[in-house]
Amino acid sequence: MPAIVIIITAFMLFLGAAPLPYYPYYPILRIVVTIVFIWSAYVSSSRKRSDLSWLFCIGAILFNPIFEIELPKPIWFVIDIACGVFLLVNLKILKGLNN
């Protein structure tokens, strides 16, 4: 997955911290973040980076759109920001792992 996809996903997570109406933004956010986190977990695992792989798996479970985890909005605010920062911090590693 290109770096721009990870950057856009991080931006979507930052935007998700804003008080937006639930539909249609948050279901789309859940789908996009889950796909990116599953891909990142796979790439990390295939390159023997199990520490990152586990964290991406936890993120994918947290954001999965099928079995939604319901948390209060202030907790989602922190999770959205933290996951966006996590993606941007690991962008260089994921780009390096992708090559």
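Described in the following lines is the structure provided in the data block. Quick caveat, the model's predicted, so the values are computed rather than measured.

Rules used in this analysis
- One numbering rule holds for all chains: residues counted from 1, following each sequence as written.
- The model is predicted, so local features are restricted to residues of pLDDT at least 70 and side-chain atom pairs to those at 80 or more, both for listing and for counting; the totals for chains, interfaces and linings are taken over all residues.
- In computing side-chain properties, one takes all heavy atoms of the structure into account and sets aside hydrogens as well as water.
- Think of it this way: any DSSP run of H or I at least four residues long counts as a helix, any run of E at least two long counts as a strand, and we number them from the N terminus.
- The reference for a compact globule is 2.2 Å times residues^0.38; the radius of gyration itself is calculated from the C-alpha atoms.
- The span you would expect from a helix comes to 1.5 Å times its residue count less one.
- Residue burial is assigned from relative accessible area. The probe radius is 1.4 Å, only protein chains are included, and a residue is buried under 20% of its type maximum, exposed over 50%, and partly exposed in between.
- Starting at the helix axis, one direction is taken to each C-beta atom, and the arc is that of these directions.
- Aromatic pairs are defined between Phe, Tyr and Trp rings, using the six-membered ring for Trp, whenever the two ring centres lie within 6.5 Å; interplanar angles under 30 degrees are classed as stacked, those over 60 as edge-to-face, and all others as tilted.

Things to note about the overall build of the protein chain
Item 1. The helix and strand inventory of the protein chain stands at five helices and zero strands.
Item 2. Of the regular secondary structure in the protein chain, the N- to C-terminal order runs α-α-α-α-α.
Item 3. Its C-alpha atoms give the protein chain a radius of gyration of 13 Å, near enough to 13 Å, the size a compact globule of 99 residues would have.
Item 4. Based on the C-alpha atoms only, the size of the protein chain along its principal axes is roughly 40 × 25 × 20 Å.

Describing helix α2 (residues 25-46)
Each turn of an α-helix holds 3.6 residues, which means side chains three or four residues apart point in the same direction.
Item 1. The terminal C-alpha atoms of α2 lie 32 Å apart, and with 22 residues this matches the ideal 32 Å at 1.5 Å per residue to within 8%.
Item 2. Lys48 lies just past α2 and shows a positive phi near 65 degrees.

Section: helix α4 (residues 73-89)
Item 1. End to end, α4 covers 24 Å across 17 residues, agreeing with the expected 24 Å (1.5 Å per residue, within 8%).
Item 2. Within the sequence span of α4, burial applies to Trp76, Ile79, Asp80, Cys83, Gly84 and Leu87. Burial along α4 is one-sided: seen end-on, the buried residues are contained in an arc of 130 degrees. Along α4, the residues that are exposed and aim more than 90 degrees away from the buried face are Pro74, Val78 and Val89.

A few points about unusual backbone geometry
Item 1. For the bond from Tyr23 to Pro24, the omega torsion is 0 degrees, close enough to zero to count as cis.
Item 2. Despite not being glycine, Lys48 shows a phi value in the positive range, around 65 degrees.
Item 3. Secondary-structure assignment places Lys48 in the loop between α2 and α3 (50-63).
Item 4. Under the relative-accessibility criterion, Lys48 is labelled exposed at 72%.

With respect to the packing of aromatic side chains
Item 1. Considering all chains together, one arrives at seven aromatic pairs under this definition.
Item 2. Judged by centre distance (5.5 Å) and plane angle (85 degrees), the rings of Tyr25 and Tyr26 are edge-to-face. Residues Tyr25 and Tyr26 agree in their burial class; the two are buried.
Item 3. Aromatic pair Phe37 and Phe63: ring centres 6.4 Å apart, planes at 70 degrees, arrangement edge-to-face. Here the residue Phe37 occupies a position in helix α2, and Phe63 occupies one in helix α3, the gap between them amounting to 26 residues.
Item 4. Residue classification places Phe37 among the buried residues on the basis of a relative accessible area of 1%.
Item 5. Take Phe63: its relative accessible area is 1%, and that puts it in the buried class.

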